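Structure at a glance
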Amino acid sequence: REKPSREMVGNRRDEHGCELTAGFVWCEAKSSCIRPWQTPCPELSHREKPSREMVGNRRDEHGCELTAGFVWCEAKSSCIRPWQTPCPELSHREKPSRE
């Protein structure tokens, strides 16, 4: 029987080993992973710097926090978690996974 993965949630790294979910990016000039808002990097100065928005803080047009499992329920005029609160218009749709 295969054991479940023990990989930490949000533990995403690029090909250089930079921890993307912690805001690190590769800086060729410094040959290291840096956070652009903390450490200047010549080749990044002409690119758009990553947002300082909190990692995982994704919201829809209603303000529902998608990364926390919330979806908009028109019938209740509010953001709900479908597995906690029933919503008539969601009963026929597939409910989001709880990954």
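In case you missed it, the structure is sitting above this.
Here goes a summary of the coordinates provided. Quick caveat: nothing in here was measured; it's all calculated off a predicted structure.

Below, the discussion takes up the pattern of salt bridges. Considering all chains together, one arrives at 2 salt bridges under this definition. With a closest N to O distance of 3.5 Å, E19 and R13 form a salt bridge. Residue E19 is classed as partly exposed on the basis of its relative accessible area, which comes to 24%. In this structure R13 comes out as partly exposed when scored by relative accessible area, which is 48%. Two residues, R59 and E65, come together in a salt bridge whose shortest N-O distance is 3.4 Å.

Following the criterion strictly, the structure yields 4 disulfides and no others. Across the disulfide, C73 is cross-linked to C87 (sulfur-sulfur distance 2.0 Å). When the S-S torsion is 95°, as for the bridge of C73 with C87, the disulfide is right-handed. Taken together, the positions of C73 in strand β3 (residues 71-73) and C87 in the segment after β4 (78-80) put the pair 14 residues apart, joining distant regions of the chain. For C87, a relative accessible area of 7% gives the class buried. For the protein, numbering the cysteines in disulfides from first to last along the sequence yields the connectivity 1-3, 2-4, 5-7, 6-8.

Turning to the environment of E89, a few remarks are in order. Topologically, E89 is positioned in the segment after β4. By relative accessible area, which is 32% here, E89 ends up partly exposed. Other than its neighbours up to four places away in sequence, E89 contacts W72, C73, E74 and A75. Within the structure, the side chain of E89 is placed 3.3 Å from the backbone nitrogen of A75, a separation counted as a polar contact.

Quick look at unusual backbone geometry now. Residue S31 is not a glycine yet carries a positive backbone phi of 50°. Mapped onto the fold, S31 is located in the loop between β1 (25-27) and β2 (32-34). For S31, a relative accessible area of 52% gives the class exposed. Its identity is not glycine, yet S77 carries a phi of approximately 50°, on the positive side. With respect to the secondary-structure elements, S77 resides in the loop between β3 and β4. With a relative accessible area of 52%, S77 lands in the exposed category.

Rules and cut-offs
- Residues numbered from 1 in each chain as written.
- Predicted model: local features only at pLDDT ≥ 70, side-chain atom pairs only at ≥ 80, totals over all residues.
- Heavy atoms only, no water.
- Salt bridge = Lys/Arg side-chain N within 4 Å of Asp/Glu carboxyl O.
- Buried < 20%, exposed > 50% of the residue type's maximum accessible area, 1.4 Å probe, protein only.
- Disulfide = S-S within 2.5 Å.
- Helix = DSSP H or I, 4+ residues; strand = E, 2+ residues; numbered from the N terminus.
- Contact = heavy atoms within 4.5 Å.
- Polar contact = N/O pair within 3.5 Å; in protein donor to acceptor, adjacent residues only side chain to side chain.

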